[in-house]
Amino acid sequence: MDALTALLRSASVAATLVLCATAVAEDRLFFDEPVSVGSAVNSQTSEWGGSMTADGLQLFFFGKRDEGPGGTLIGADIICATRDDPNTPFDDPEAVHVVHEVSSASDDVHPFISADGRALYFTRGWSDIFVATREDAEGPFESVVPLAGVNSGLVDIMGTVSCDGTLLFFSRGPGGGVGAPRHGLDLLFAIREDLEDPLAFTDPRPVSDLDEFGPEVDSGFDEIVAALHPEGFLFYGSWPAGWGIEQRPGGHGGSDIWMAIPGTGEIVNGGPLVNSPQDEMSVQFDCGRSRLLFASNRNGGRGGADLYTSAISRNPPCTKPPAVIERHVERPRDAAEHCGDFVPGDEIAVELAIAEIRGDGEDCERVERLVVRE
């Protein structure tokens, strides 16, 4: 077994379902209902490509802001939002700014920030991957250089790095043309040989060459923006269906988030909570909180594509409506005192709470306890 295979197999854990039957979850991950990353990030235009530092205090993404120079195709710049508490949304508009050190006259898109916040990988001009570095996570970026050992003369875009810094994933496709390449993109990876050097990657190889994932990763459709979970699961997506791009069959509509299960060769859809009838894209993994970050133009957003986050777990979500209502009846000693103008025999609902979830997956059942007084 080579070092890469050992890495991908290193942390397989079987979890016991919480608030469900004591069955073991199948060998895959599940996503909870997505929530917006915050009102200061999502605007009436579009935001894509969110990437978080491990401490959860800085979020890098790309979009349009008046203060930025913009680009030649979509006018995109890399933007940073900050917060003081990783458990709160990014809601302070004064804490959002264009990262001018990496801005250019070309589109600068899809940033990925390293866990320590010192290296920022991004795509420039929809053709090459660059990396910007800084001395510490709070300072300005001081050096911006192309990722020479990875860029090929073809289209090399959308680079992300594993949480431990050892693996780079990106998409490669044919060169030529103007604007974002929309066809013929496949996933590649490269191994980082020196963790102190953000440029030291081996020659890239196709992800489909890995026994852990197999050829099914390459669907014949475009694959872009791969993110590796620490347990070896690989998340990825495709271009928006709204661009007229044909999508992998079996989705929920639009472009979807997919997951490659290590050691099985199986590719599964992320499911109906994270995938909507619209487009989900720009998937990344939040290393500090085991959450998925992605962009979506689903209904209910602020406009265009917005950034969302979704918790990841081994527990299959229970999405059915309440199937059982259990009543607990309290009989106060003095009905007049406790029930006001109501007389004995009237039922007064004073509390409604979900008590538990029974079963799992398609067999799940929400049990609600309705407390009434008579």
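This text goes with the structure placed above it.
Residues numbered from 1 in each chain as written. Predicted model: local features only at pLDDT ≥ 70, side-chain atom pairs only at ≥ 80, totals over all residues. Heavy atoms only, no water.

Draft legend 1. View of the overall build of the protein. When you go through the protein residue by residue, the secondary structure sums to two helices and 24 strands. Counting the 374 residues in the protein, one finds 51% classified as buried. Partitioning the contacts of the protein with sequence separation of at least 6, the portion at a separation of at least 24 is 54%. Carbon and sulfur atoms make up 50% of the accessible area of the protein, which amounts to about 16,900 Å² in all. (Helix = DSSP H or I, 4+ residues; strand = E, 2+ residues; numbered from the N terminus. Buried < 20%, exposed > 50% of the residue type's maximum accessible area, 1.4 Å probe, protein only. Contact = heavy atoms within 4.5 Å. Areas by Shrake-Rupley, 256 points an atom, 1.4 Å probe, with all protein chains shown as cover.)

Draft legend 2. The sheet that holds strand β16 (residues 234–237), seen in detail. With respect to topology, four strands assemble into an open sheet ordered β15-β16-β17-β18, the strand pairing being antiparallel. The sheet terminates laterally at β15 (224–228) and β18 (266–269), the two strands that pair on one side only. The average angle at which neighbouring strand axes cross in this sheet is 25°, direction not considered. (Pairing = 2+ DSSP bridges. Axes fitted to C-alpha atoms, helices over the stretch in contact; angles between N-to-C directions.)

Draft legend 3. Highlighting the packing of aromatic side chains. Counted under the stated rule, the structure contains seven aromatic pairs. Centre to centre, the rings of Phe294 and Tyr308 are 6.0 Å apart; their planes meet at 25°, and the pair counts as stacked. Here Phe294 is found in strand β20 (residues 291–296), whereas its partner Tyr308 is found in strand β21 (residues 306–313), with 14 residues between them in sequence. The exposure class assigned to Phe294 is buried, which follows from its relative accessible area of 1%. In this arrangement the basic side chain of Arg28 is found over the ring face of Phe30, its NZ or CZ atom lying 4.6 Å from the centre. (Phe/Tyr/Trp six-rings, centres within 6.5 Å; stacked < 30°, edge-to-face > 60°. Lys NZ or Arg CZ within 6 Å of the ring centre and 35° of its normal.)

Draft legend 4. Summary view of the pattern of salt bridges. As enumerated under the stated definition, the model contains eight salt bridges in all. Ionic pairing is found between Arg248 and Glu223, a salt bridge with its closest N-O pair at 3.9 Å. With Arg248 in the loop between β16 and β17 (258–261) and Glu223 in the loop between β14 (205–206) and β15, this pair connects stretches of sequence that are 25 residues apart. Pair check on accessibility: Arg248 and Glu223 agree, each one buried. The partner of Glu280 in a salt bridge is Arg298, and the shortest N-O contact between them spans 3.2 Å. Here Glu280 is found in strand β19 (residues 280–286), whereas its partner Arg298 is found in the loop between β20 and β21, with 18 residues between them in sequence. Taken as a pair, Glu280 and Arg298 share a single burial class, namely buried. One connected set of salt bridges, linked through shared partners, spans Asp27, Glu231 and Arg314. (Salt bridge = Lys/Arg side-chain N within 4 Å of Asp/Glu carboxyl O.)

Draft legend 5. Inspection of the environment of Ala295 at higher detail. Its location among the elements puts Ala295 in strand β20. As a C-alpha pair, Ala295 and Glu280 span 15 residues in sequence and 5.7 Å in three-dimensional space. Leave out the neighbours within four places in its chain, and Ala295 touches Glu47, Trp48, Asp279, Glu280, Met281, Ser282, Asp306 and Leu307.

Draft legend 6. Quick look at unusual backbone geometry. A positive phi angle, near 45°, is found at His110, a position not held by glycine. Mapped onto the elements, His110 comes out in strand β7 (residues 108–113). Assessed through its relative accessible area of 0%, His110 is described here as buried. Backbone geometry places Met158, a non-glycine residue, at a positive phi of 60°. Owing to a relative accessible area of 3%, Met158 belongs among the buried residues under this scheme.

Draft legend 7. Spatial organisation of the sheet that holds strand β10 (residues 143–146). Within the open sheet, the four strands sit side by side as β7-β8-β9-β10. Their pairing is antiparallel. Two strands lie at the open edges of the sheet, namely β7 and β10, each paired on one side alone. Neighbour-to-neighbour, the strand axes of this sheet turn through a mean angle of 25°, independent of strand direction.

Draft legend 8. Spotlight on the state of the cysteines. Applying the stated rule across the entire model yields one disulfide. Disulfide partner of Cys163: Cys287, at an S-S distance of 2.0 Å. Across the S-S bond linking Cys163 and Cys287, the dihedral sits near -90°, which makes this disulfide left-handed. Linking Cys163 in the loop between β11 (155–161) and β12 (167–173) with Cys287 in the loop between β19 and β20, this pair joins segments that are 124 residues apart in sequence. (Disulfide = S-S within 2.5 Å.)

Draft legend 9. Here's a closer look at a negative patch on the surface. A grouping of Asp55, Glu135, Asp136, Glu138 and Glu142 is seen on the molecular surface, where their side chains present a negatively charged patch. Note that Asp55 resides in the loop between β3 (47–52) and β4 (58–63). The partly exposed category is assigned to Asp55, whose relative accessible area is 40%. (Patch = residues over 30% accessible without salt bridge, like charges linked within 9 Å, V, L, I, M, F, W, Y side chains within 5 Å. Lys, Arg positive; Asp, Glu negative; His and termini not counted. Charge placed at Lys NZ, Arg CZ, Asp CG, Glu CD.)

Draft legend 10. Quick look at the side chain of Arg298. On the basis of relative accessibility, which here comes to 12%, the residue Arg298 falls in the buried class. Within the structure, Arg298 has its side chain in polar contact with the backbone oxygen of Val274 (distance 2.5 Å). Setting aside its immediate chain neighbours within four residues, Arg298 contacts Pro34, Leu273, Val274, Asn275, Ser276, Gln278, Glu280 and Tyr308. (Polar contact = N/O pair within 3.5 Å; in protein donor to acceptor, adjacent residues only side chain to side chain.)

Draft legend 11. Highlighting the pairing of β16. Alternating residues of β16 divide into Leu234 and Tyr236 and Phe235 and Gly237, and every residue in both groups is buried. Bridge count between β15 and β16: three bridges; the pairing is antiparallel. Bridge pairing in β16 places Ala227 opposite Phe235. Hairpin connection from β15 to β16: five residues lie between these consecutive antiparallel strands, with Gly232 at a positive phi of about 95°. Alignment of β16 against β17, held across three bridges, turns out to be antiparallel. Along β17, the bridge assignment pairs Tyr236 with Trp258.

Draft legend 12. Structural context of the side chain of Asp222. The topology assignment puts Asp222 in the loop between β14 and β15. Of note is the side chain of Asp222, whose polar atom sits 2.8 Å from the backbone nitrogen of Leu185.

These results come straight from atomic positions and should not be treated as a statement about function.
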